[in-house]
Amino acid sequence: LCPQLFVIFYYHGGFIQENAISKNGFMIGKTKVISEYNLFKARAISLAEAGQYNKAMRFTATCARLAYHLNFRYSDNELETLMLKMGDALFEEKQEKGSNTGYLFYDCFAYDNRGLTQQYLHALIQFGQPFVFVLANNGELHKSKNIIDELEKCSYATLVVLNEPDEVSSALALQKIIETHRPAKAFLHLSPWDVPGITVWNRQTHIERYFIDLTDHAFWLGTRCADYYLEFRNYGYNIAIDHRGIDKHKLLWQPYYPIQSDEPFAGFPVDVTNKTIGFSGANFYKIYGRNNTFLKLIKTILEQNPGFIFLFAGSGNARPVHQFIKQHQLENRIILLGDRKDINAVYRNIDIYINTYPVIGALMTQFAVCNRKPIVSYTTSDLASNFIEDFLPVDRTVAYSIKDEDEFIAETGRLINDVPYRENNVKNYEGSVPDAGQFNHTLMQNMGKDKLVTVNYTAVKIDTEAIFDLYLETENNFLKAYDLMKFGLLKKDYVRDYFGRALVSAIKIVFFQPEIIIQKVKNKLK
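(A) Structural view of the environment of Ala226. Within the fold, Ala226 resides in the loop between β7 (208–212) and β8 (228–231). We classify Ala226 as buried; its relative accessible area is 3%. Between the C-alpha atom of Ala226 and that of Glu208, which follows or precedes it by 18 residues, the distance is 7.6 Å.

(B) Layout of unusual backbone geometry. Looking along the chain, the bond that leaves Tyr357 and enters Pro358 is cis, with omega of 15°. With respect to the helices, strands and loops of the structure, Pro358 is situated in the loop between β13 (352–354) and α13 (362–370). Positive phi values are uncommon outside glycine, yet Gln329 reaches one of about 55°. According to the relative accessible area criterion, Gln329 is exposed, its value standing at 69%.

(C) Examining the nonpolar core more closely. With 62 residues, the main nonpolar core has Leu104, Tyr106 and Trp201 as its most contacted residues. When residues in this core are grouped by element, the largest group, nine residues, is from helix α3 (residues 53–70). With sequence-adjacent residues up to four places away left out, Leu104 is seen in contact with Val132, Val134, Ile177, Ile178, Pro183, Lys185, Ala186, Phe187 and Trp201. Of all hydrophobic cores here, the second largest spans 56 residues; its members include Leu116, Tyr120, Leu135 and Leu230.

(D) Expanded view of the confidence of the model for the protein chain. Within the protein chain, residue pLDDT values average 89, and 87% of them lie at 70 or more. For residues 1–25, every residue scores under 50 in pLDDT, and the model assigns this stretch 67 contacts once sequence neighbours within four places are set aside.

(E) Representation of the sheet that holds strand β9 (residues 251–253) within the structure. Spatial ordering of the open sheet is given by β5-β4-β3-β6-β7-β8-β9, a layout of seven strands whose pairing is parallel. At either margin of the open sheet sits one strand with a lone partner, and together these are β5 (157–162) and β9. Shown here is a sheet whose adjacent strand axes are inclined to one another by a mean of 20°, direction ignored. Bridge count for strand β4 (residues 131–136) against β5 is six bridges, and the pairing is parallel. Bridged to Leu135 within β5 is Val161.

(F) Structural detail: empty space enclosed by the protein. Counted according to the given criterion, the structure contains five cavities of 30 Å³ or more. Empty space within the second largest cavity amounts to approximately 70 Å³. Looking at the second largest cavity, the residues that line it are Asn71, Tyr74, His217, Tyr235, Pro358, Val359, Leu383, Ser385, Ile467, Leu470 and Tyr471. A total of three residues in the lining of the second largest cavity trace back to one element, the largest contributor, which is helix α18 (residues 464–479). For the lining of the second largest cavity, the class distribution of residues is eight nonpolar, three polar and no charged.

(G) Structural context of the sheet that holds strand β11 (residues 308–315). Ordered in space as β12-β11-β10-β13-β14, the five strands form an open sheet in which the pairing is parallel. Whereas interior strands pair on both sides, the edge strands pair on one side only; in this sheet they are β12 (334–338) and β14 (375–376). Pairing analysis gives two bridges linking β13 to β14, with the strands arranged parallel. In the strand pairing of β14, Tyr353 is matched with Ile375.

Analysis parameters
- Residues numbered from 1 in each chain as written.
- Predicted model: local features only at pLDDT ≥ 70, side-chain atom pairs only at ≥ 80, totals over all residues.
- Heavy atoms only, no water.
- Helix = DSSP H or I, 4+ residues; strand = E, 2+ residues; numbered from the N terminus.
- Buried < 20%, exposed > 50% of the residue type's maximum accessible area, 1.4 Å probe, protein only.
- Core = buried A, V, L, I, M, F, W, Y, C linked by side-chain atoms within 4.5 Å.
- Contact = heavy atoms within 4.5 Å.
- pLDDT = per-residue confidence, 0-100.
- Pairing = 2+ DSSP bridges.
- Axes fitted to C-alpha atoms, helices over the stretch in contact; angles between N-to-C directions.
- 1 Å grid on protein atoms, 1.4 Å probe; cavity = no way out; pocket = protein on both sides within 12 Å on 5 of 7 lines; lining within 4 Å.
- Points joined across faces, edges and corners; volume = space filled by probe spheres on them.
- Nonpolar A, V, L, I, M, F, W, Y, C, P; charged D, E, K, R; others polar.

Listed below in structure tokens is the structure:
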């Protein structure tokens, strides 16, 4: 039974439908991803119809996580309708009117120096009105120390932590909090798969709700849970209108700024004396894909510039980077810093910021601007979300994303070797990031009668197929997380509902296509 069990549990019920084999082993394809997404969606709908709302919410959230992970769509009206129906079933029709004053901030993250929590929190504190901060923390309070400290020091802030045992309990607890505090306005800092929260916020039509579009480039749930959507760049406007079906009059212009902490510098793990330091940072998935172009470009730059060293601060799956470093013997040239709490101090101690590719990092780029560091960016024309000039209001004749590899390598080399040129680069980005006062002023305007809803946006053709291909490549060649995600999210529900299908697939392969297993073993041995 060992071969059969290996196949079943290695793929965690992975519905081996396409049987695609490459030099890296099994690969998922578009047909498999879309069919399984639709299967999970159908299961969520049927569970809700049967009154099994906890399971229905879990399957709905799994759909959202998989769509976010592979970026093959940006919204789903069927899931939005499903959450509306679950809200109708769980709650009575009666809704108390909001108060005339007071705010509520609902946050699924609240990570120190990450996301947009602190930008909005600081604005609410500056406004001076009573507000409630609801943290759906999922047991991660250790990541929110600075935020919690600020809330506890504010006399007109009330902190409530939601940590309920299941989805329905979370929804009921949130509804009770809203009924108790009756805010006039609410800010929603949601995860893309916060089904309990969205189920509740869908119904709060008596409160003016502002959705903070943190991940404008990817799938998220919540297209019907807010009155206004706060966007920070033109790309988000295009996605919202063309791919999420949100009325343009609900879109507000709200560019943000990075939180610059005063965490003391923790140093670098290597001696950087007399070195020119290039730096970048992000979740590692942002530099995978497109045949490892980013790391290959960095390798070429290192080879052409012996006095150059490249540091990277990031989180997530670092194994492919370690493999690349080892393969090319770059242990002393590419240095991984991990997830740095002293990120602002790190920027102060580097020379050049290199933007990530094939997925750009907006906040990381803003850190470079605020710390007056030169910036160089590479992208390709089919990735419209990657243009630095889209989220920084700069003169596009002097500051732009380079779309030619040789030009990018040459530009980076010049920044390494020509200090006056480096200093001039910094001037190109001056004033392109708002400060806290400007952010607060814009937010206050968006909360008033004179909202910035008439901002003109430039239509952008978004190549959805190219983006789907990119995320599939990243999954297949680097992350290999798809099947583990499904099992990890649904656990026993997944095994119970789909074990039979996995067993049939396993038997077919073991007894009728053993060459697939043989090929997989050979690849592992290589």
